[in-house]
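# Structural characterization, general
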Amino acid sequence: MTMNLAPRILLAEDEEAMRTYLERALVNAGYEVSTVDRGTDAIPLLEAEHFDLLLSDIVMPEMDGIELAQRCAEISPRTKVMFITGFAAVSLRASREQPHAKVLSKPFHLRDLVLEVERVFEDQREASL
């Protein structure tokens, strides 16, 4: 049983400062984090490894977060999805197209991000009991 392993998060965020900031917060909270700066780079990782959560910016070059989430659902259906965005209209579209995904709007506090991520994993644990 692999319950003692830290949950693995794939973070897709095109803005370097934000990516570093989020990665540091999640690692400090005890998660194992892999980062990419675009959705197209996330696909091979999703195919090669298991991630418990895809945490993705919605607005990114080449492939947006919603398209990435759709690909993630095909490749790794058990991976949860959470979006981060600074655009309210984009947030609405994400909620419509990915109704099970949590959307966190920027600016947010790192504590809020960690709490939301913990909540995703708690829901997952309860569902598997």
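This text follows the structure it describes.
Report follows, based on the coordinates. (Residues numbered from 1 in each chain as written. Predicted model: local features only at pLDDT ≥ 70, side-chain atom pairs only at ≥ 80, totals over all residues. Heavy atoms only, no water.)

## Side note on the sheet that holds strand 5 (residues 102-105)
Spatial ordering of the open sheet is given by 2-1-3-4-5, a layout of five strands whose pairing is parallel. Each edge of the open sheet is held by one strand with a lone partner, namely strand 2 (32-36) and strand 5. Recorded for the sheet is a direction-independent mean angle of 20° between the axes of neighbouring strands. Inspection of the sheet shows strand 1 (residues 8-12) paired to strand 2 by five bridges, in the parallel sense. Looking at the pairing, A12 lines up with V36 of strand 2. On the sheet, helix 3 (residues 65-75) packs against strand 1, strand 3 (53-57) and strand 4 (80-85) and is oriented at approximately 160° with respect to strand 3. (Pairing = 2+ DSSP bridges. Helix = DSSP H or I, 4+ residues; strand = E, 2+ residues; numbered from the N terminus. Axes fitted to C-alpha atoms, helices over the stretch in contact; angles between N-to-C directions. Contact = heavy atoms within 4.5 Å.)

## Overview of the packing of aromatic side chains
Counting across every chain of the model gives one aromatic pair. Positioned above the aromatic ring of F51, the side-chain terminus of R8 is 4.6 Å from the ring centre. (Phe/Tyr/Trp six-rings, centres within 6.5 Å; stacked < 30°, edge-to-face > 60°. Lys NZ or Arg CZ within 6 Å of the ring centre and 35° of its normal.)

## Considerations on the nonpolar core
Counting residues in each nonpolar core, the largest one holds 21 residues, and the members touching the most others are L10, L68 and F83. Those elements giving two or more residues to this core turn out to be strand 1, helix 2 (39-48), helix 3, strand 4 and helix 4 (88-97). The leading source of residues in this core is helix 3, at four residues. Among residues more than four places away in sequence, those in contact with L68 are A12, G39, A42, I43, L46, L54, S56, M60 and M63. Judged by nonpolar contacts, the second largest core, of 17 residues, contains V33, L104, L113 and V117. (Core = buried A, V, L, I, M, F, W, Y, C linked by side-chain atoms within 4.5 Å. Buried < 20%, exposed > 50% of the residue type's maximum accessible area, 1.4 Å probe, protein only.)

## Digging into the pattern of salt bridges
Following the criterion strictly, the structure yields 11 salt bridges and no others. A salt bridge links D64 to R93, with the shortest nitrogen-to-oxygen separation between them at 3.3 Å. Of this pair, D64 sits in the loop between strand 3 and helix 3 while R93 sits in helix 4, placing them 29 residues apart in sequence. Of the charged contacts in the structure, one is a salt bridge between K102 and E116, with a shortest N-O distance of 4.0 Å. Residue K102 is located in strand 5, and its partner E116 is located in helix 5 (residues 110-128); the two are separated by 14 residues in the primary sequence. A relative accessible area of 13% places E116 in the buried class. Bridged by salt links that share partners, the residues R8, E32 and E49 form one connected network. (Salt bridge = Lys/Arg side-chain N within 4 Å of Asp/Glu carboxyl O.)

## Comments concerning the packing of helix 1 (residues 16-28) against helix 5
Where helix 1 meets helix 5, the closest approach of the two axes is 10 Å, and the angle between their N-to-C directions is 55°. Comparing their axes, helix 5 and helix 1 come out oblique. When you trace helix 1 past helix 5, the crossing you get is right-handed. For the pair helix 1 and helix 5, the contacting residues are Y21, L22, A25 and L26 in the first and L110, L113, V114 and V117 in the second. (Parallel < 35°, antiparallel > 145°, perpendicular 65-115°, else oblique. Left-handed = near helix turned anticlockwise from the far one by under 90°.)

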